[in-house]
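If you want the building blocks of each chain, they are given just below.
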Amino acid sequence: PRLNADSDHLEARGMGATDLELLSDDIAYFAEKRQTGVSLKTLTDTGKGDFVHLLDGHTEVSDSDAMQKMLFQVAMFLHRELPIRLAHRVRDLDSIPMLNQLKS
């Protein structure tokens, strides 16, 4: 599967390009986007469920429903953010001069 998480980008892709060209285009596209900053504290607190009580504070929601909503929000964040972060890492690796000359 490709790094296709953005529908506008999908529609702009050309037909007849090779998989390598499409992958390179995807990497370039996502590498241009800014990463969303997340602190380690926020990650650990979210993983422990510390923010569940903050969801829908004005309505009665069961802990199970709140946890499901939290997990959905985390999944959506990862779906949006992972292609960007991976593309940044690929771009960083590509910028290492001697690494490009090594045989795979």
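Above this text is the structure in question.
The structure displayed is predicted, hence computed values, not measured ones.

Participant: So, the overall build of the protein chain: which residues are in play, and what are the values?
Facilitator: Check the secondary structure of the protein chain and you find 4 helices and 0 strands. Beginning at the N terminus, the succession of helices and strands in the protein chain can be written as α-α-α-α. Counting over 104 residues, the protein chain shows a buried share of 19%. Residue pairs at least 24 apart in sequence account for 55% of intrachain contacts in the protein chain once pairs closer than 6 positions are excluded. If you sum the accessible surface of the protein chain, you get close to 8,200 Å²; carbon and sulfur atoms cover 59% of it.

Participant: Lay out the packing of aromatic side chains in plain terms, naming residues and giving numbers.
Facilitator: Summed over the entire model, instances satisfying the criterion amount to 1 aromatic pair. An angle of 80° between the planes, with centres 5.0 Å apart, marks the rings of tyrosine 29 and phenylalanine 30 as edge-to-face. By relative accessible area, tyrosine 29 is classed as partly exposed at 26%. Overall, the relative accessible area of 2% leaves phenylalanine 30 in the buried class.

Participant: How would you sum up helix H4 (residues 63-94)? Please name residues and give values.
Facilitator: The terminal C-alpha atoms of H4 lie 45 Å apart, and with 32 residues this matches the ideal 46 Å at 1.5 Å per residue to within 8%. Where H4 is concerned, the buried positions are Ala66, Met70, Glu81, Pro83, Ile84, Ala87 and His88. In this structure, the buried side of H4 is in contact with helix H2 (19-31) and helix H3 (40-48).

Participant: Kindly report on the packing of H2 against H4, identifying the contributing residues and their values.
Facilitator: Relative orientation of the contacting elements H2 and H4 amounts to 105°, with a least axis distance of 8 Å. By the criterion of interaxial angle, the relationship of H2 to H4 is roughly perpendicular. Facing Ile27, Phe30 and Ala31 of H2, the residues of H4 in contact are Pro83, Ile84, Ala87, His88, Val90 and Arg91. Split by residue class, the contact of H2 with H4 holds 7 nonpolar, 1 polar and 1 charged.

Each value, and the rule that gives it
Residues numbered from 1 in each chain as written. Predicted model: local features only at pLDDT ≥ 70, side-chain atom pairs only at ≥ 80, totals over all residues. Heavy atoms only, no water. Helix = DSSP H or I, 4+ residues; strand = E, 2+ residues; numbered from the N terminus. Buried < 20%, exposed > 50% of the residue type's maximum accessible area, 1.4 Å probe, protein only. Contact = heavy atoms within 4.5 Å. Areas by Shrake-Rupley, 256 points an atom, 1.4 Å probe, with all protein chains shown as cover. Phe/Tyr/Trp six-rings, centres within 6.5 Å; stacked < 30°, edge-to-face > 60°. Expected span 1.5 Å × (residues − 1). Axes fitted to C-alpha atoms, helices over the stretch in contact; angles between N-to-C directions. Parallel < 35°, antiparallel > 145°, perpendicular 65-115°, else oblique. Nonpolar A, V, L, I, M, F, W, Y, C, P; charged D, E, K, R; others polar.

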